[in-house]
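Okay, here's what each chain looks like letter by letter:
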Amino acid sequence: MELLLKLCTWRNLAWAAAAVAVIYCASLLQDHPRRWYRDWRYPPQSQAGSAGDEILQLKEQRDSAALLRRHGRVLALLSRAEAEGFDVAGLRRKADAALPLNSARTRRKAVLLLAEVELAVPRKKAEYQPLYPAAEAEEEVPADVPGRGEGKPHQLVKDRP
C-alpha cells in the first residue's frame, strides 16, 4: 500500500495524463507529418514540358489510327459474312456507330462496340474431316489395342493369346 501511495502522487499522475494525451493526439494527427514529409521529399511537378504535349498528341494519333484499323478489320469480317449469305446490316450499323466515338474521352466505348460486333459476326460452321477413313480404321485393328472389347464395358478381353 505504501508503494502505491508513493507512485500515485500528483506529479506522477500529471506525467501519465500528459503521456496519454500525447499518444492520443499522435494517433489522430499522424497523417499530417507523413504528408509534410511526402510533400517535401516528392514535390509535385509544376508543369508538363512541351515534349509532354507532343507525346500525348502522338499517343492520341496512334490510338485513333488503331481504332480505324480495327474498324476496317470488322468491316472485312462483315463483308465476308455477307458474301456467305448472312444478314449483317444491323451489325454494320453498329460498327459504323463506333466511328463518331473516336475521341480520347469516348474511345474505350468505341473499342467495346467494335469488339461486340466482331464477336457477333456470324460464321459458317466448320466441317471436320476425319483423319483416317472409317473403313480403314475398322479393318486393321491389332488385337492388343486397349478398348478392343467395346461392347463389353468394364470386362477383360479373354481372346488374347
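This text follows the structure it describes.
So, here is what we can say about the structure in this document. If you're wondering where the values come from, they're calculated on a predicted model, not measured in any experiment.

## A word on the overall build of the chain
The secondary structure content of the chain amounts to seven helices and zero strands. Seen in sequence order, the chain has helices and strands lined up from the N terminus as α-α-α-α-α-α-α. Burial analysis of the chain (161 residues in total) assigns 11% to the buried set. Taking the contacts inside the chain whose residues are at least 6 apart along the sequence as the reference set, 57% of them involve residues at least 24 apart.

## Re the packing of aromatic side chains
If you walk through the whole model with that rule in mind, you get one aromatic pair. With 5.9 Å between their ring centres and 45° between their planes, Tyr37 and Trp40 make a pair best called tilted. Of this pair, Tyr37 and Trp40 both sit in helix H3 (residues 31-41), three residues apart, which is roughly one turn of that helix. Overall, Tyr37 belongs to the partly exposed group, its relative accessible area being 47%.

## Concerning the environment of Asp63
Residue position: Asp63 is located in helix H4 (residues 50-83). On the accessibility criterion, Asp63 (26% relative accessible area) is partly exposed. Distance in space between the C-alpha atoms of Asp63 and Ala104 is 8.4 Å, their sequence separation being 41 residues.

## Thoughts on the pattern of salt bridges
If you walk through the whole model with that rule in mind, you get five salt bridges. One salt bridge connects Asp63 with Lys59, and the closest N-O pair in it is separated by 2.8 Å. Pair noted here: Asp63 and Lys59 are both in helix H4, with a separation of four residues, about one helical turn. Across the salt bridge formed by Arg92 and Glu82, the nearest N and O atoms sit 3.1 Å from each other. Residue Arg92 is located in helix H5 (residues 89-97), and its partner Glu82 is located in helix H4; the two are separated by ten residues in the primary sequence. Take Glu82: its relative accessible area is 46%, and that puts it in the partly exposed class.

Cut-off values and rules
Residues numbered from 1 in each chain as written. Predicted model: local features only at pLDDT ≥ 70, side-chain atom pairs only at ≥ 80, totals over all residues. Heavy atoms only, no water. Helix = DSSP H or I, 4+ residues; strand = E, 2+ residues; numbered from the N terminus. Buried < 20%, exposed > 50% of the residue type's maximum accessible area, 1.4 Å probe, protein only. Contact = heavy atoms within 4.5 Å. Phe/Tyr/Trp six-rings, centres within 6.5 Å; stacked < 30°, edge-to-face > 60°. Salt bridge = Lys/Arg side-chain N within 4 Å of Asp/Glu carboxyl O.

The quantities given are spatial measurements derived from coordinates; they are silent on function.
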